[in-house]
Amino acid sequence: MFDAPEKVAYAAIPFSLVDCEAHKKMALQMSRESIVLLKNENDFLPLEKNIPSIAVIGPNADNNEIILGNYHGSPSSAVSLYQGIVNKLGSGVNVIHERGCELAEGLPFFDVLPTDFLYTDAQKNTQGLLINYYNNKNLEGLPAHTEIVADLNHQLFQKLADKITSTSNFSIGIYGHLFVPQSGQYAIGVAGLTSFQLFLNDSLLTSFNTIWEPEKVYETVSLKTGEPYKILIEIKDLTSEAHVQKLLWAVPDETMEERAMHAAATADIVLLAMGLSPQLEGEEMPVKVDGFKQGDRLDINLPGVQESFIKKIVAIGKPVVLVLFNGCSLAVNFANKNVAAIIEAWYGGQSAGDAVADVLFGDYNPSGRLPVTFYQSVNQLPAFDDYSMEGRTYRYFKGETLYDFGFGLSYSQFIYANLICPDDIEKNIPFTVKVDVENISARDGAEVVQLYVSRLDGSGNYPIRSLQAFCKIFLMAGEHITVEFELTPQHFSYVNEAAEKKVEQGKFQIAVGGYQPNDNLIDAGKVVIKTMVCNDDIIIGNA
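On a predicted model such as this, the values are computed, not experimentally measured, just so you know. (Residues numbered from 1 in each chain as written. Predicted model: local features only at pLDDT ≥ 70, side-chain atom pairs only at ≥ 80, totals over all residues. Heavy atoms only, no water.)

1. Focus: the environment of Val112
Defined as follows: Numbering of helices and strands starts at the N terminus; helices are DSSP runs of H or I of at least 4 residues and strands are runs of E of at least 2. The cut-offs for exposure are 20% and 50% of the maximum accessible area for each residue type, with area from a 1.4 Å probe on protein chains only; residues under the lower value are buried, those over the upper are exposed, and the others partly exposed. Whether two residues touch is decided by their heavy atoms; if any such pair falls within 4.5 Å, the residues are in contact.
You can see Val112 is positioned in strand β4 (residues 111-112). Residue Val112 is classed as partly exposed on the basis of its relative accessible area, which comes to 22%. As for Val112 and Asn153, which are separated by 41 residues in sequence, their C-alpha atoms are 6.8 Å apart. Setting aside anything within four residues of it in sequence, one finds Val112 in contact with Asp151, Leu152, Asn153, Lys246, Leu247, Leu248 and Trp249.

This is the structure:
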């Protein structure tokens, strides 16, 4: 950070490499590999590409904001789930899109306010918005540059140096008039960074001032058709990172659910795109939605409007695949019992839609595994202000999960055999663990081989189990290989109350497989286990 640019290799990277084709391919592959297949009842997936019709429904179905997540840049293009399905299937399949419901009660779904309803004057002589650029930070004097744009969607800071004298001393005023297509309650807002004010009919509607990250601010207002509403956006006190991205609105839509239900009833398969959003989960956010507080979550269920909508869609009786977009675990208990398949797509980045489509239609065999536990209920968890580890994470949780840490399905099937390791754990002596893995299916695929260590007796401070090694392998159909892990006594240690890292005398279990160990998986050959013994306490060192 403080070295001269010539000493920093990263400073020599040309701008042309940002979002280049090689990096776009990498983004797509990263998104594919992060996807976790949570449920696939009776091998419902992958889908055939000759489906006559498919309905892509939900608040996250065609929402590029959610795929980019928190703390993101702005790619040259982003692919939503709906667009990914269209890209995959082309014009031969009828792909129907409806939103169906909001992400959460009281959280509007925003679109860029289109030019059809924006005019530079109240008489509707010229469509669009008038933008003035000033060579000072207070919109004073004559503008240095003036232009008219169709809408406000990322273009303000393009070629900025051609419009003003100094990029460290300027301000921007945006002027226009809004005419709404119908009377009703509208949410009007702006997304951007770092300082701006939005006025409606000369009254301050909302404002924003932060240097940390782009934010979306809005207010709900009652508007009438036929009346002009004067818009003014003042952008002042700018830093080098400043940008106002979009002028947004949410239009009243009383038939949203009805249209989605009709689409689901007429389609052959329904894809439900649900989950959360960077609008709901993050750091110190001004969230005004039940179940959330300042970006934190008060429960782990889907928002109520989504749960209710999923039940209505399932009741129609069509095959349903649930695709989740979220940044943390969700308790989707109803869906787990009542839909054919569930995919966890997280906030998959700019190519998320194409990646999910690749998995849905079998062009990519899923291999992602959960990095967190999916619990059944927030009631299974300790109080937020209880700082002990008891009952927290897969290492200390004793209840029944919805999906385990490390869980994830594949279109291939793998079995494990011949776990080989020493009988004893000896001080300062590393050893090798070997296991045979075979792909017994007719499909090539990747497997994440996981090695867990469990304490079978002794101190209660030991975790129930802990992941000590893992690797990802790719096996052709029918292929088998031997996987090796190198372990040391430290992999069996814990920290005692004296802050010593030690291996306690007693019995340990090593379990290797594609999942956390349990009796059913062991019986099915999905996990193999062996017991090792430590005959004397081994002090590794201070924690």
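2. Here we look at helix α3 (residues 81-89)
What counts here: Here the arc refers to the directions that run from the helix axis out to each C-beta atom.
Residues Leu81, Gly84, Ile85 and Leu89 constitute the buried set of α3. Taken end-on, α3 shows its buried residues confined to a sector of 115 degrees, consistent with a single buried face. Looking at the buried positions of α3, the neighbouring elements they touch are β2 (53-57), β3 (94-98), β13 (269-275), β16 (320-325) and α7 (352-360). Remark: Gly90 follows α3 within two positions and exhibits a positive phi of approximately 65 degrees.

3. Some remarks on unusual backbone geometry
The omega angle of the peptide bond from Leu45 to Pro46 is 0 degrees, so this bond is cis rather than trans. Relative to the assigned elements, Pro46 resides in the loop between β1 (36-40) and β2. The phi dihedral of Asn418 is positive, around 55 degrees, even though this residue is not glycine. Structurally, the position occupied by Asn418 is in strand β18 (residues 414-420).

4. Observations regarding the side chain of Ser410
The criterion, for reference: Two N or O atoms form a polar contact when they lie within 3.5 Å of each other; inside protein one atom must be a possible hydrogen donor and the other a possible acceptor, and for residues adjacent in sequence the pair counts only when both atoms belong to side chains.
Topologically, Ser410 is positioned in the loop between α8 (393-396) and β18. Only 3.1 Å separates the side chain of Ser410 from the side chain of Asn365, close enough to count as a polar contact. A polar contact of 2.9 Å, which involves the side chain of Ser410, links it to the backbone nitrogen of Ser412.

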